[in-house]
Structures are given as structure tokens and as C-alpha cells.
Amino acid sequence: MRLTRTLKEYTAGTWTLFSVGVVLLMPLLLGIGIALKALPIFEHVTLTEMLTSGEWQPSSGKFGFLPFIVSSLVVTAIGLILMIPFGLLPAIYLTQYAPPRTLKVMRSVIDILAGIPSVIHGVWGVLIVVPLVSVYIAPIFGVNTTGYTILAGGIVLAIATLPFVLHMLLEVFRSIPMELKEASLSLGATYWETIKKVVLRKAFPGIIAAFALGVSKAFGETIAVLMVVGNIVQLPTSMFDAGYPLPALIANNYGEMLSIPMYDAALMFAALVLFIIVLIFNIFSRLAIQRTTQK
Amino acid sequence: MNVAPEVLHTDTKNVAAPATILDISSLWVSHHEQQILKNINLKIPKGRITAFLGPSGCGKTTLLKSINRLTDLHSGMKVTGSIKLNGNEILTAGNNLSDLRQKMGLLSQRPYPLPMNIFDNIAFGLKIQGIKNKTEIAHRVEKHLKQAAIWDEVKDRLKSPATKLSIGQQQRLCLARGLAVNPEVILADEPTSALDPISSRKIEEQFQELKNDYTIILVTHILRQAKWLADNIVFMYMGAVIEQGNPDQIFNHPQSDILKNYLSDSH
Amino acid sequence: MIEEKFFKYLMAVFTYSLIGLLFLILYEIFKKGFPALSWDMISQVPKGGFYFGKEGGILNAIVGSLYLALGASLLSILISLPVAIFISISLVKYEKWQHIIRLILDLLWGVPPIVYGAFMFSIMLSFGMKASLLAGIITIALLITPVMIRAMDEVLRNIPLGLLESSLSLGATRFETAVIFFRQALPGIATAFLLGFAKGVGDTAAVLFTVGYTDYIPRSVMEPAATLPLSIFFQLSSPIEEVKARAYAAAVVLTGIILIISVFSRYLSSRVSKNTIS
């Protein structure tokens with residue numbers, strides 16, 4: 001083989017192996033890097049205290065993450081509750097009832113929605129959702145609020161994460177084989193019964209996986225939520241309270257990191273918690289997806 | 001492991017025995033523990049058309065693909081034995097594998113033109129051989145397209161995409177492309193199975209022409225094709241070679257029961 | 001059946017409400033943003049400070065975003081493309097390893113941008129690096145690489161085995177075969193590049209700590225840069241109307257860029273490249 005050919009092959013091969021190495025090492029380096037930076041805090045506070053204490057006073061060395069954890073959980077829960085109907089119903093309609101052209105058009109709509117950056121969702125949240133909460137929704141419950149609330153955070157979160165979840169739900173429903181529906185129909189079941197009893201049952205693991213991945217994305221959603229959620233450190237007692245989810249904690253305080261001792265380690269700990277939660281949900285849903293596709 | 005004893009008709013027609021270009025010995029191939037080829041021993045004669053014939057699943061395509069080690073592309077493939085091209089061992093070839101592969105052109109069941117225009121499809125093989133001279137490239141492209149009997153149909157649109165051709169034309173293009181790298185052997189895997197009768201005929205006619213300069217190994221299940229094209233037929237069944245001989249011996253004087261059944265079933 | 005009719009109606013309503021949602025979002029953004037758009041706005045940098053200064057525009061953010069997204073996408077594709085091709089060609093025999101790498105990529109893809117930002121920031125602290133365009137480019141490149149690889153992988157997977165066999169039979173080396181695969185998958189690869197680019201333009205959380213912020217257009221990669229999302233994020237809550245207006249203008253420009261990229265990549269993926277096998 002001529003020299004130039006061999007040279008090209010060799011250089012390309014070496015660069016490729018290097019790239020593969022980088023990509024495979026990335027998750028390891030990420031995890032280890034963050035963990036190392038978070039390590040110092042364990043010398044000052046115990047893990048239990050960090051996860052269960054509501055006292056957040058970094059200047060006094062108090063690092064109770066509970067308010068942030070609860071905020072994250074509640075905001076994500078609200079987001080999930082909103083995403084379920086707005087995800088499942090369109091997914092079923094588009095794959096089982098609507099003409100193919102509608103599905104095609106809606107796919108474009110969903111993809112465009114998916115491309116909207118986080119910060120734009122935040123702007124829209126400030127312009128529309130926050131007033132919506134303070135002027136329309138809260139008064140129904142007799143509450144007086146600025147609108148910068150956990151509820152607003154949950155709504156914006158749902159809007160930001162929904163396109164992603166929808167995309168996956170559409171894939172799940174589309175992968176249900178025609179033969180299954182045909183078999184059910186030929187046994188005498190109506191179309192609606194088929195959907196309820198056969199299609200949904202077959203799609204169930206995939207649906208769970210899709211929402212699990214959605215939750216994982218929602219946990220990490222930082223900017224859109226941060227802009228509407230109020231950012232007050234407190235243990236939220238109602239959805240009309242302001243909240244302070246974990247990602248917002250990191251985003252808002254990176255500037256203070258160096259001025260207060262242990263603050264940087266604390267924020268890295270928050271990042272580590274996020275990283276682990278997201279990883280767990282991801283692994284769980286990928287495995288669930290695998291099990292459905294393997295059948 | 002039931003390996004039936006092989007029947008080899010002695011070739012009484014040719015006085016001078018042709019040279020062997022491919023020497024296959026003790027070839028065993030398994031895929032995920034399932035035995036696909038069992039103890040294959042074959043000498044492929046140079047300058048002749050050898051047909052691998054047999055029912056589907058008999059291993060003829062795997063045998064063909066072992067010859068240029070395309071079996072490397074499948075997980076779980078275990079290949080043991082020896083395949084020698086002009087004395088060079090293929091199965092253990094290292095850095096010179098691509099050079100050895102170049103000596104054996106492949107024609108697949110379906111055409112896979114390279115994502116380029118017609119001219120570049122042929123020129124590709126020339127360029128990787130190091131030919132840079134533009135005149136020579138143009139000359140060779142024309143020569144090989146003529147060898148594949150497609151020159152007249154494409155000479156006015158050499159720069160148009162290869163995918164615009166009909167399937168029959170694409171297959172002839174792939175033939176020309178394979179010839180451009182100056183192979184010694186052409187490996188054809190049921191090359192007409194995706195084509196209409198007219199295109200099939202054209203490919204078969206070209207094989208008759210090319211026989212003079214190349215060795216051709218043709219995998220087929222079309223008896224008519226084997227009968228009129230092949231000089232040498234290797235009949236396979238369940239991963240083993242059952243009978244070998246020229247068309248007259250195989251079709252008119254079959255010896256083994258398996259072959260007799262196969263021939264009567266196919267009518 | 002009444003139950004079916006009810007649900008069908010309900011489902012249709014929820015489905016079409018999504019279109020309504022999209023239009024609502026776009027409408028609000030454009031409503032606030034268009035009045036703020038002017039030639040001055042997009043051709044000048046902010047004057048008098050980005051939080052208080054009333055003069056000037058968002059040119060710093062526009063240019064910064066483009067530098068960032070372009071730099072990150074190019075850096076990423078240097079790594080992403082070889083890896084994607086590696087999975088399809090070199091690993092074709094090792095299905096288990098293909099599986100493992102794809103799984104790792106999926107896991108990486110789920111990591112939120114803020115985590116990448118925090119990670120990069122702590123590295124920068126350790127090495128005494130200041131916030132800069134380069135740091136932002138590296139962070140975004142890390143962020144978009146898994147996405148890019150997966151997107152390219154999806155297209156490369158669809159290439160029939162026959163093309164690989166044909167290429168190898170011609171005696172092509174793995175590199176030469178890779179070039180063939182590249183040409184075959186070109187529209188998909190271009191779409192993946194655009195996807196990465198769009199993510200780079202729209203990201204806030206990963207660059208928040210790493211790219212800094214400035215009123216000026218960076219003259220070198222070691223200087224800090226402004227981006228459109230950061231411009232919105234920092235200026236939206238200003239008490240001064242003119243500053244707020246810059247935020248809205250940036251929002252419109254950002255949304256416009258994303259929409260254009262969206263439409264363009266849909267066009268690319270629907271158009272099968274003229275030289276490829278269907």
C-alpha cells in the first residue's frame with residue numbers, strides 16, 4: 001500500500017481512538033471531578049444533616065439543603081402532573097386517530113417547541129405565566145401573591161419539558177405493531193377498547209420510561225424555572241409560595257462561591273446530587289426501554 | 001456432525017488441467033455456535049466460471065464471503081482453516097488485507113453504488129490504486145464501463161449521480177467499479193436476483209466475455225444460469241460440498257441422492 | 001360510543017392546544033421584541049454598562065453567540081464525527097460494544113447543562129483561568145458532543161451493510177470507507193451540526209459561569225464574551241426600560257435564529273442527498 005494511504009489511515013485511526021477515549025472518559029471525569037470538589041464539605045457537615053436540615057446559612061456554616069430539595073421535588077411534581085395529560089392525550093390521538101398529515105404537521109410543531117431555548121421560556125414565563133398565577137389562579141384559592149411561585153415554576157417546567165416527552169411518547173406508540181391492534185379488533189373489541197386495553201398496556205413500560213426521562217430532564221432544568229420561581233430560601237408550604245430548586249441554587253450563587261468558606265464545596269455537592277439523580281433516572285428508563293424493544 | 005463423503009467427477013473434457021487460483025482447505029465456519037460451513041476443501045480453477053449451487057441456507061453465500069473475509073463484519077463468526085489466493089493466506093492476513101481484497105471484486109445481490117456520480121464511482125478504485133493522471137483515469141473509466149456493457153448508456157451523463165440509474169444499470173455500474181481495481185477474481189453473490197430478465201441477461205453475457213481475463217465465482221440458485229455460464233459447478237447442501245463437476249456431469253449424471261432430489265425438486 | 005367520542009374530542013383539544021401554545025409563545029416574544037428592534041439595536045454594543053446604560057444595542061451578544069456556537073460546534077465535530085463513524089464501521093462486528101457506547105452517550109446526553117457549567121467552572125478555578133470565550137466554547141462542546149454523536153449515529157446506522165462490503169471489497173482502507181460513509185450520510189451529519197449549533201446558541205446555564213459577560217465584542221478567545229441568552233438573563237430584570245428593551249430585542253433575535261435553524265434543518269433532512277442510496 002502506498003505511503004500516503006497508510007499515513008492517512010494511521011493518523012485517522014489514532015485521532016479516532018483518541019476521540020473515543022475522550023468520550024468514554026467524559027462521564028467518569030465529570031462525576032469524579034464534581035465529587036472531589038464536593039468532598040471538603042463532608043468534613044464539616046454530615047450527609048444526614050445536609051439532606052434533612054432546613055437551615056441554610058452558609059456564612060455560619062449551616063448547609064441544610066432541604067428547602068432546595070423540597071422545592072425541586074414540588075416543582076417537578078407539578079410539572080409532571082401537567083405533562084401527563086398534555087403528553088398522553090396528544091400522543092394517543094396523533095398515533096391512533098389523526099390522519100398521517102396531522103401527525104406530520106404536529107411533529108414539526110413539537111420539534112420547534114423543543115428547540116425553544118430555556119431562557120425564552122423564562123421570558124415568556126415572566127410575561128404570561130407569572131401574571132396568570134397572581135391575577136387569575138391565586139385569587140381562586142384566596143391567595144395573594146406576586147406570581148413568582150412554585151406553581152409558576154411547575155407550569156414553565158412542564159412547557160419546557162413537554163416537547164421532549166411528547167417526542168418519545170410518539171415513538172413509543174408508533175412502535176406498537178399494527179398486527180396487535182388487528183388481532184384485538186378481529187376478536188370483536190371496538191377501536192376504543194383496543195386502545196384502552198391492548199395498546200396502552202403494551203405501551204406502558206415505554207410510557208413510564210418516557211416520563212422518567214422527562215422527570216430527569218425536568219430536574220436539571222435551570223434557567224426557565226429560575227426566572228419565575230421566586231428564589232427565596234424557605235421550606236415551601238403551598239404551591240403559591242416562592243421556591244428555590246437545586247439548579248437555581250447553583251446558578252444564583254456561583255459568584256459567592258469563593259467568598260464564604262465551604263460554599264464552593266456545598267454548591268458542588270448540589271451539582272453532584274443533581275448529577276446522581278439524573279443518572280439514576282436515565283439508567284432506569286433506558287433499561288425499561290430496552291426491555292420493551294427486546295420483546 | 002454428518003459430513004457426507006464428497007463426489008468429485010473427474011474432468012475428462014479438459015486435457016490440460018487449469019491452474020488453481022484459490023485453494024480452500026479445511027474451512028469451518030460457525031456463527032454463534034451454529035455450524036454454517038463444514039470442512040470445505042475446494043480448488044477454484046483460474047480463468048473459469050465456478051458456480052456455487054444449492055438450496056437456500058446451504059452456506060454458499062457464507063463461503064463466498066469467507067473468501068474475501070467479509071465474514072469479519074459479523075459478530076459471533078468463527079472461521080478456521082485456510083484460504084490461499086495464489087499462495088497468499090487470506091484468513092490470517094494483517095496489514096495487507098485490503099490489498100488482497102482488491103484482488104477480488106465483489107458483486108452483491110443488490111447494487112450499492114458509491115454516493116458519487118457515475119464517473120467517480122469508477123474512478124474511486126483507480127484513485128486508491130494511486131493513479132493520478134487524468135487522461136489515464138478517463139481512459140480506464142471508459143474501458144471498464146465498456147467491459148460492463150453500460151458505456152453507451154451513460155457516456156453522455158458521466159457526471160450525473162449514480163443513483164439516478166435503473167437497478168439493472170446500477171448493477172452493471174457496480175461490475176465496472178469492481179473491475180477498475182484490476183481484480184483477479186470476481187465474487188458474484190446472486191448478482192441477478194434483484195434484476196429484471198433483460199438486465200439479468202446482460203450481466204450473464206458480460207460474465208461470458210469476462211471469463212477470458214478473470215476468474216469468476218458465481219453464487220446462484222438459478223439452475224439455468226449455472227447450466228449455461230459455469231465451467232465448474234460446486235453443489236452444496238447443509239454447509240458441505242456434495243458434488244463437483246462440469247454442467248454436463250452435474251445436470252445429466254448426478255451421482256448423489258441429495259443432488260438428484262434437488263434437481264427433480266427444482267423442475 | 002359516547003365514552004370514545006368524549007375522549008376523542010378531549011384528545012383533539014389537547015393536541016391542537018399545542019399549536020396554540022407555540023403561537024402564544026412566539027406571539028408574546030415578538031410583540032415585546034419587535035418594537036425594541038432597530039438598526040441601532042443590532043449594530044451597536046451596549047453603552048454605559050449593560051445593566052444601567054441606556055444607549056447602544058446588543059451587537060456584543062449577537063456576535064458573541066455566533067462565535068461561541070460556531071467555535072463549539074466545530075470543536076465538537078472534530079471529536080463527534082470520528083466517534084460516530086467508529087461506532088458504525090469499526091464496531092460493526094462488536095454489537096455489544098456498540099450497545100455500551102450508545103448507552104454511555106445516552107447517559108451523558110441527560111446531564112443538565114448546569115452540571116457541565118459547574119464542572120468547568122471548578123476546573124477553571126483550580127487552574128486560575130478567567131471566564132472567557134474559550135472556556136465557554138469548551139463547555140458547550142462538552143455539552144453538545146453526546147447529542148451530535150447520537151444524531152450522526154442515527155443516520156450512519158441506516159447505511160446498508162452492502163455499502164460497507166462494497167467499499168472494503170474495492171480494497172478501501174477504513175479511512176477511505178469512512179469518507180464514503182460521510183458522503184452518504186451528509187444531510188444527516190449537517191443536520192446534527194445544526195442541532196449542536198442551535199444548542200450552543202440557546203444555552204444559558206452552561207455558559208453562565210464560564211464565558212463571563214461583557215459589553216464588548218471579544219477580540220480574542222481569551223476574552224470574556226456576551227451571548228444572547230445571557231444578555232436576556234442579565235438585562236430582563238433591570239429597572240431601566242431601555243435596558244429591558246435590549247433584553248426583549250435579544251429575545252426576538254435569539255428566537256428568530258432558532259426558528260431559522262429549525263426550518264433549515266427540516267429542509268435538509270427531508271431532502272435526500274442527490275448522491276445517496278434511498
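Cut-offs applied
- Residues numbered from 1 in each chain as written.
- Chains lettered and ligands numbered in written order.
- Predicted model: local features only at pLDDT ≥ 70, side-chain atom pairs only at ≥ 80, totals over all residues.
- Pairing = 2+ DSSP bridges.
- Helix = DSSP H or I, 4+ residues; strand = E, 2+ residues; numbered from the N terminus.
- Contact = placed C-beta atoms within 7 Å.
- Nonpolar A, V, L, I, M, F, W, Y, C, P; charged D, E, K, R; others polar.
- Core = buried A, V, L, I, M, F, W, Y, C linked by C-beta atoms within 7 Å.
- Buried ≥ 20, exposed ≤ 12 C-beta atoms within 10 Å, placed from the backbone.
- pLDDT = per-residue confidence, 0-100.
- Axes fitted to C-alpha atoms, helices over the stretch in contact; angles between N-to-C directions.
- Parallel < 35°, antiparallel > 145°, perpendicular 65-115°, else oblique.
- Left-handed = near helix turned anticlockwise from the far one by under 90°.

Moving on, we come to the pairing of strand E3 (residues 34-45) of chain B. Residues and elements named next belong to chain B. Direction of pairing for strand E2 (residues 20-31) relative to E3: antiparallel, over a ladder of eight bridges. Residue pairing across strands places His31 opposite Gln34, the latter belonging to E3. Connecting E2 to the antiparallel partner E3 that follows it, the hairpin turn spans two residues, and His32 within it adopts a positive phi of roughly 50°.

This part takes up the interface of chain C and chain A. Put simply, an interface is often sized by how much accessible area is lost when its parts join up. In this assembly, 60 residues from chain C lie in contact with 64 residues from chain A. A breakdown of the residues in the side of chain C that touches chain A according to their chemical character gives 43 nonpolar, nine polar and eight charged.

Moving on: the sheet that holds strand E5 (residues 77-85) of chain B. Strand order across the open sheet formed by four strands is E3-E2-E5-E6 (chain B), with antiparallel pairing between neighbours. The sheet is open, and its two borders are formed by E3 and strand E6 (88-89) of chain B, each paired with just one other strand.

Among the nonpolar cores identified, the biggest contains 257 residues, and Leu169(A), Ala270(A), Ala271(A) and Met152(C) are the most heavily contacted of them. In terms of residues, this core owes the most to one element, helix H6 (residues 150-174) of chain A, which gives 17 residues. In contact with Met152(C), other than residues within four places in its own chain, are Ser80(C), Leu81(C), Ala84(C), Ala185(C), Gly188(C), Ile189(C) and Ala192(C).

To continue, consider helix H1 (residues 60-67) of chain B. Residues and elements named next belong to chain B. Most of H1 is tucked away: seven of the eight residues are buried. Within H1, the full set of buried residues consists of Lys60, Thr62, Leu63, Leu64, Lys65, Ser66 and Ile67. After H1 finishes, the residue Arg69 shows a positive phi value of roughly 60°.

Should the pLDDT be low somewhere, the predicted coordinates at that spot are not to be read in detail. In the predicted model, chain B carries a mean pLDDT of 89, and the fraction of residues at 70 or more is 93%. Here strand E1 (residues 7-8) of chain B stands out as the least confident element of chain B, with mean pLDDT 64; strand E8 (residues 185-189) of chain B is the most confident, with 95.

Attention now moves to the packing of helix H3 (residues 118-128) of chain B against helix H6 (residues 167-179) of chain B. When two helices pack together, you describe them by how their axes are tilted relative to each other and by the distance separating the axes. All names here are of chain B. In the contact formed by H3 and H6, the axes pass within 7 Å of each other and the chain directions differ by 30°. Considering their axes alone, H3 and H6 lie roughly parallel with respect to each other. At the point where H3 passes H6, the crossing takes the right-handed sense. Side by side, H3 and H6 meet where Ile118, Asn121, Ile122 and Gly125 of the first sit next to Leu173, Ala176 and Arg177 of the second.

On to the packing of helix H3 (residues 59-88) of chain C against helix H6 (residues 133-157) of chain C. All names here are of chain C. Packing of H3 against H6 leaves a shortest axis separation of 6 Å and a crossing angle of 40°. At the point where H3 passes H6, the crossing takes the right-handed sense. When its residues are assigned to classes, the contact of H3 with H6 shows 20 nonpolar, seven polar and two charged.

Here we come to the environment of Phe240(A). Residues and elements named next belong to chain A. If you trace the backbone, Phe240 turns up in the loop between helix H9 (223-226) and helix H10 (246-253). For the pair Phe240 and Thr145, spaced 95 residues apart in sequence, the C-alpha to C-alpha distance is 6.9 Å. Excluding its chain neighbours within four sequence positions, the residues that come into contact with Phe240 are Ala138, Val143, Thr145, Thr149 and Leu151.

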